[in-house]
Structures are given as structure tokens and as C-alpha cells.
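Summary of structural features
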Amino acid sequence: MSKMLKIFSLSALLAIVVTSCVPKITPTDQGIPWALAEHRSETISDLRYHFALDIPQSRTEVITGKSRIRLDWNDRSAQPLVIDFLLPQHRVHTVLVNGMETDWKPVNDHIVIPATALNPGMNSIDLTFDAGDEAFNRREDFLYALFVPDRAHFSLPLFDQPNLKGQVTWEVTVPEQWKVIANGPEATSNTQNGRTHFTFLETQPMPSYLFAIAAGVFERETAEINGRTFNMYHRETDTDKVARNRDEIFRLHASTLDWLEDYTQIDYPFQKFDFVLIPSFQYGGMEHPGGILYRQAGIFLDETATQNQMLGRASLIAHETAHMWFGDLVTMNWFDDVWTKEVFANFMAAKIVNPSFPEVDHELRFLTAHHPTAYSVDRTDGANPIRQPLENLRFAGTLYGAIIYQKAPIVMRHLENRVGADLFRDGMREYLSTYAYGNATWPDLIALLDERSEQDLAAWSQVWIEEAGRPSISISWEDGDVVIRQQDPAKRARVWPQTLEMRIGSIDANELITIELGSEPQRLQGFSNAKFILPNGSGIEYGEFILDTQSQVYLIANVDALDTALLRGATWVTLWEQLLEGRLAPSVFLQTALDSLAIEQNELIVSRILAYTSTIYWNYLSSSERRSWSSEVENLLWSQVMSERSRSGRSSFYSAYRNLTITEEGVSRLQRLWTGDDQVAELPLSELDQISLASGLAIKGIANAEEVLSQQQERIENPDRLARFKFLRASLSVDPAVRANFFESLKFESNRDREAWVVAGLYNIHHPLRAGESIELIYPALNMIEEIQETGDIFFPGRWLDSTLQGHNSLAAAETVKRFLDSRPNLSTRLRLKILQSADEVFRSARLLHGWDVD
């Protein structure tokens, strides 16, 4: 070996040694990168927070705060300690480490403290700061924290990641007429000089996205059931509505807790059970321990509530309460597994509501509550897997949607059926007890169940959990035999293991045939006289089911004669998929739907058919076709409003009538209903109904629209509903220029802080009756999607897109979306998928109505 080569080799070896010894620098990118979170989870333990907030009366004044963070620090690499906080250079006043001032640095949305300021072992970090309003949702006389998934550090300095759980203690000072709700039980309150200072007990360990306070002018209702105290806070001014709903709300919570304690064999894992009803809350609910938040309208139901609305409330309460175990007690390690907490909450909720509604077919309820919504995403070019990789928590909001909320519970039912209900329950109990007050991953659970089961659950999980899309399952007749084939629509040769319970026969006699479907076609003999084959006969099966022509024709003609509600429900879901794929004409489906609505008595099926009818009416008919159908549709709906159905059933038709009516005669009737000159027996219009009706009349273009809107504004008594109506008033204007100005105002972030209002405003602008006037607003709305994702809460990007696009069915609208996507090749994959999901109906209507070929 030459001398030069020896020197080179030695140099290379030294470089390798030196490189391996240099500690990896902790990343401080915007957001919370995975590498930063992992490093902190390995070097920080025994974490405790104490926050003291001073909240002024006026929302224009700054909330000031003090915090003490205590932690055990064990970082042998001597990397700086990184605390997350938005705009630290402007909001942080002082930083003391173990009582000493330190030379900290602001880097992006982080406070960086040098390792030299810390001691091995326990450390205390004291900060004074101005709290950010971004995640505190401040209103004129109340506020609420909403920190999921990574927004806690928008308002407070902390470690904003799910796998660093900490115990939190709150102190909050507010105007004396305000109440305060926090995670822990109230310890003390003291009022002086018009201000009340509240202190709360320290909580059990929880991740930062569950830290929560709500403060403001609230009324409180209290109940004690089975020795447990429940507190409900609300802002509803209709005392009759409160009284009418109160006992059932408390009963649903109490029965849900009893069920979960029995199923999990773990007592309720937190110190108290309060919940707060928020007007126009961004979500249905949020599972903060000690202070669940709900959208008020979903909990306080009108006296004309439908069965679906009552089931929806019970499911929502069960969902958020189940989170106390699934998500709060045991939390995902990282937000790539956020679906695990949502799937278990929805999965358990479906079981929990059963005893409260013994008259309901709960298998049908599961089908109608999950499959249509899951399919609405999984059939699109924007379909995403249940479990998705995530490199930075700043993008965690893009993971949410129908796939984790609706598809995942279906897949979990498949898993429970594969391993058995008892084994699954025992595995869940072990999972919760093993990881209590800690973190776990989906592979942790699968490994635990795999040990108990003979099934290859890892292989099953790969295609159902880690892959996007659904199988295509076709039925055909070959030489007198029934042949069932599974194909991968993406042509990647994937196979979804699945049990099919197929209904085969006629309306007079049919039987359930169970098969295991894999890569090879299944051939069934002896059914040559069968009139129909329905591959999803139990309602749990999942996929694009392609009916043979004979079955499709027979089911269209005889769907009402099928002997069980579940079979009829599964048939309707399957026929809808045939329409969307161009195998069934919208006019044929619509006529079948109207015929069925006249006689179908099951309210779940009626609600599903009404939803399909509305979608066809607005999205899959041209304007002239809609006008030709309008009288028949309105007459059918009104006849059922005035029928002998139950009050709940009539209410469903009444709502649909107000939505779909466009004829001159029908709109005149709507005006008389709004003025009170006409009324429907036993179906009085609530204040919310009156607001909705007045808004609908304006959208339908009545001559005195502005006068009706002004009168409606004067009628509104509840201050929260009045504020919402005033915000939306411009979006309801008959003048397209005023509506365009409303949209322009949304380009300012401050005008988007009430996201539910914004979504409603966009819906008003882009209503199908106004689509021709709003098409020019599609492109600028799409152009804002990155900002919407950066500044909005988790569901806002999808809802922004849905409310912008759902009213359009023109060729021009489809071309606009395509032009935007073509012009943005560097748009993030997740946002591109979101757009494709929301635009799917626009694309399909362009194909069906206009023969559009996207390729």
C-alpha cells in the first residue's frame, strides 16, 4: 500500500469516527418535526406544568401568563432544550432556568435554552409571556382552548407532542361574572375588585393537545347519577329547550360511562366529568378530560328532532366519552396513529348506543352511518390510507377525514369478527391496562392481538390499514354458476382478505351464503333460479360491489319488497354506487327513490334515500331536468309531511321539503310558513329553523329577500345566533357583488376565526342555485388552501373545499379544479388529495351530465 493511500485511508477512518461521535443536532424547524419529538421523548420525563393566566374582559386586550415547567432532563448529547411557542421573540418576556436568567434564543416557533443552563435530573423553567389568541378562540364574553393536534404552542409555551405527557395545574383570573372550566377539579375561587381568581387541582398525565380551559358567561346545570357528579355549561337562552333536553343528556353520559367501565374493566380514569356546549363549535365535540367540548346545536335538540338526530347525539356523547379511555388514558405515540383513538371511539360508540335505542336496527344504523361517508372518499382519486406517515405535526390536521372516522370502524368490525368478540375485548383490556397514562402504537396493539389469535393479522393490517382504496368485487353468471371476483382498481395485484355474507334468491325466498374472498374467484353452484345476488348482504362488507345486470334490474324493481330493513339499506347503498360509476341512470334512481319514499317506514332508510335524492336533485340533474322533476319531488315530500307518520319521520320530510322546494307554488308556501300564516301540526319552527328558512328563501331568489332577511334579524333573540346571522348576512345577499365581497373578506385571517360561520357562508355563496354566479370564486378559494391549512383547525381545509365545490356540477367547474391542480405541481400531496376528494362529485357530475373526459 502506498504512503499516500495509507494517509487517505487513515483520514477516512478518522472522519467516520469523528462523524459518529458528533451528536445529532436537535432540529428546530417550523412546527414539531418527528426527530425533535423523538429526541425529547427520550431525554425528558416526570413532566409537570403550572399555568397562570390573566384573561381581560375585552378580547382586544392581551391574555398574560406565567408558567412553570418542571422536568427530569437526561440528555447525554448535551443538546439544547427546545420548548415550543409561536412567535417567542414577541411574546416571551422572561425565562428563568432553576431560578437563574438564561441566554435563550427564539428559533421559528421554539424557545431554545442552552444545555449549559440545565442540570442533569430535575429542572424548573419559569416563563412570563403573552398568550397567543390563535388557539384560545376568544369571543366577546367567552373563550375556549382548542389545541388539537399541535396548536397548544400557538397559545402556551410547552412541549407540543403526544408522547410527552405531563400533569397540568391551572390558575385563571377572569371578570367576576365569568365561570372557568379546566381539566382538573376546582380547588379555590376568590373575588376581589371585580376579578375572580380560580385555582384547580393537578391532573393525571395527559398530552398537550388535551390541555383545556373554557371561560366566560355560561349557565350551569348539575346532576348526580349513581354517585357521580356531572356539570353541564351552556349559553342557550331558550329555557324550555334546556329543560326538555337536560335529563336525557345527563342520562346518556351516565349510561355511557357505566358501559365503558364494564367493557374495559377500568374505572373512569380522570378526576371529574364536566362538559361545555359551545355555539358554532368547529367540531361535533372534543374529548378534553374534565371538560369535554360539544357543539351546542348537536346536544340541545329541537322538539321536532328526527330519529337520526337523536341517534347522532347519543353517538356523539358515546364517542367523546369513549375517548377518555381510548386516546386520553392511552394515547397514540405520534399523530400517524391518530386514527386509532378515533376508530376506537367510533367503534365503541356504535356498541354503546344500542341499549338506549332498542327499537333501532343497529346493524342498519352502522351501515348508514359509516359506509356512504367512507365510500365518498375511498372511491375518489384522492383516497388515503387509514394510517399515514407524518414527518411534522404542523401537517397533522391533513390526516383527519372520513377514512379514519368512517372507514376505520368498518375495518375494526372486520378485525373483531376475524378474531372473535371475546378475544378482541380481552385484548383491548390488556392494551388499556398495559399502556395506561402512556402511549402506544397500532403495531403494539396488532402484536398483542396477534399473540392471542391464529390469524395473520400483520398481513391483514397491511392492506386494510396501510393501503388506500377499496377492492372491486364483481358478480357474474358463467355457465349457470355464480362467480365472485375481487380485483384491485389500482392494478397493483393487492388482495383484501374479507368475509362476504351474500344474499341470493328472490323477494319470496333468499338465503345468506358466506364465503371467504381472496385472490382467486369463488364459484357457487345451484343458484340458477336466483333473481338477484347482493354481495354485501350483512351490511358490513366493504368495497365497490359491481352488480350483474339481472340483479340490478330486479333490485330496482323490488327493493321495497325485500324482507328486512338491513337488506333494503344495503341495496340502496349498492345501487347508489352503480349510479356514480355510470351503470345506472340518475333518472331511474330518482324515480325509484320517490316511489320508495312514499311507502318506506324505516326512518334510517328514509333518511338515506332523502340524502341520495338531494344529491341527485342538486348535482346530477341539469337545471332544466331539475325543473321538470320539481313538482313531483315537492308533491311527494309534502304529502309525507302531512301524512300519519311519526313526528320524527314527518320532520325528516319537512326538512327535505324546505331544502328542495323551488317551484313558485312551493316557495310561496315556504314564505307563508316563515311568516306564520301557515303551520304544520306538531312541527313548529324553532328559531334555528326560522333562520334557515329565511336564508333559504333569499337563496331561492324571492322578490323581497332583503326585507325577509332584515325581519329575520330583528326576530332573533339569542345573542350567539344573532351574531352568526349578522356575519352571514352578506353571503345571503341577492347581489352577486356583495357576495363576492364577502368572499374577499375571508382572505384576512381575522375574518376566518369562526370557522363554522365561514363554511356556512361559502355554502350560501356556492349554493347550486347560485353556482353560475359563483364559479369565478372557485379558483381563488383553491388558491388559498395552503393558508387555510396553516391557520385553520383540523377539519377546516376539507370543509372549506367541500362548501366551495359541492354546489357545482358544470363542466366549467370541473375544468377550473383541473386547471388549478395542473398549475400547482408542487402542491403538497396531502392537500392535492384533499382537493381530489372534495372535487370528486364535481368530476362525476361533469362526466354524467356533460360527457367530460378528464384524461
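Structure's up top.
Computed from a predicted model, the values in this text were never measured in an experiment.

**Here's the deal with the packing of helix 24 (residues 736–745) against helix 25 (residues 755–765)**
Packing of helix 24 against helix 25 brings their axes to within 11 Å, and their N-to-C directions diverge by 150°. Here helix 24 lies roughly antiparallel to helix 25, going by the angle between them. Viewed along their axes, helix 24 and helix 25 form a crossing whose handedness is left-handed. In this structure, helix 24 contributes Arg-739, Phe-742 and Phe-743 to the contact, and helix 25 contributes Gly-761, Leu-762 and Ile-765. A breakdown of the residues in the contact of helix 24 with helix 25 according to their chemical character gives 4 nonpolar, 1 polar and 1 charged.

**Some points on the layout of surface pockets**
Computed from the structure, the largest pocket encloses a volume of approximately 790 Å³. Together, 37 residues line the largest pocket, and Glu-134, Arg-151, Phe-154, Glu-749 and Thr-791 are the ones closest to its centre. Listing elements by their share of the lining of the largest pocket, those giving two or more residues are helix 4 (152–155), helix 28 (785–791) and helix 29 (796–805). Ranked by residue count, the leading element in the lining of the largest pocket is helix 28, at 3 residues. In this structure, the second largest pocket occupies an estimated 400 Å³ of space.

**Some thoughts on the sheet that holds strand 3 (residues 81–84)**
On the basis of which strands lie adjacent, the open sheet formed by 3 strands has the order 3-7-6 and antiparallel pairing. For this open sheet the edge positions go to strand 3 and strand 6 (105–107), each flanked by a neighbour on one side alone. Put simply, the sheet's adjacent strands are angled 30° from each other on average, direction ignored. Bridge analysis of strand 6 against strand 7 (residues 110–113) gives 3 bridges, and the strand direction is antiparallel. Looking at strand 7, one finds that Lys-105 is bridged to Val-112. Lying over the sheet, helix 2 (residues 34–43) contacts strand 3 and strand 7, oriented at roughly 115° with respect to strand 3.

**Looking at the packing of helix 29 against helix 31 (residues 829–850)**
Two elements in contact, helix 29 and helix 31, have axes separated by 9 Å at closest approach and are oriented at 20°. In this view, helix 29 runs roughly parallel relative to helix 31, as classed from their interaxial angle. Here the hand of the crossing between helix 29 and helix 31 comes out right-handed. In contact with Gly-798, Leu-801, Asp-802 and Leu-805 of helix 29, helix 31 contributes Lys-834, Ile-835, Ser-838, Ala-839 and Val-842. A breakdown of the residues in the contact of helix 29 with helix 31 according to their chemical character gives 5 nonpolar, 2 polar and 2 charged.

**Considerations on the environment of Ala-314**
Within the fold, Ala-314 resides in helix 7 (residues 307–322). The exposure class of Ala-314 is buried, given its relative accessible area of 2%. Taking the C-alpha atoms as reference, Ala-314 lies 6.6 Å from Leu-252; in sequence the two are 62 residues apart. Ignoring sequence-local partners within four residues, the contact set of Ala-314 consists of Leu-252, Val-353 and Phe-357.

Basis of the calculations
Residues numbered from 1 in each chain as written. Predicted model: local features only at pLDDT ≥ 70, side-chain atom pairs only at ≥ 80, totals over all residues. Heavy atoms only, no water. Axes fitted to C-alpha atoms, helices over the stretch in contact; angles between N-to-C directions. Helix = DSSP H or I, 4+ residues; strand = E, 2+ residues; numbered from the N terminus. Parallel < 35°, antiparallel > 145°, perpendicular 65-115°, else oblique. Left-handed = near helix turned anticlockwise from the far one by under 90°. Contact = heavy atoms within 4.5 Å. Nonpolar A, V, L, I, M, F, W, Y, C, P; charged D, E, K, R; others polar. 1 Å grid on protein atoms, 1.4 Å probe; cavity = no way out; pocket = protein on both sides within 12 Å on 5 of 7 lines; lining within 4 Å. Points joined across faces, edges and corners; volume = space filled by probe spheres on them. Pairing = 2+ DSSP bridges. Buried < 20%, exposed > 50% of the residue type's maximum accessible area, 1.4 Å probe, protein only.

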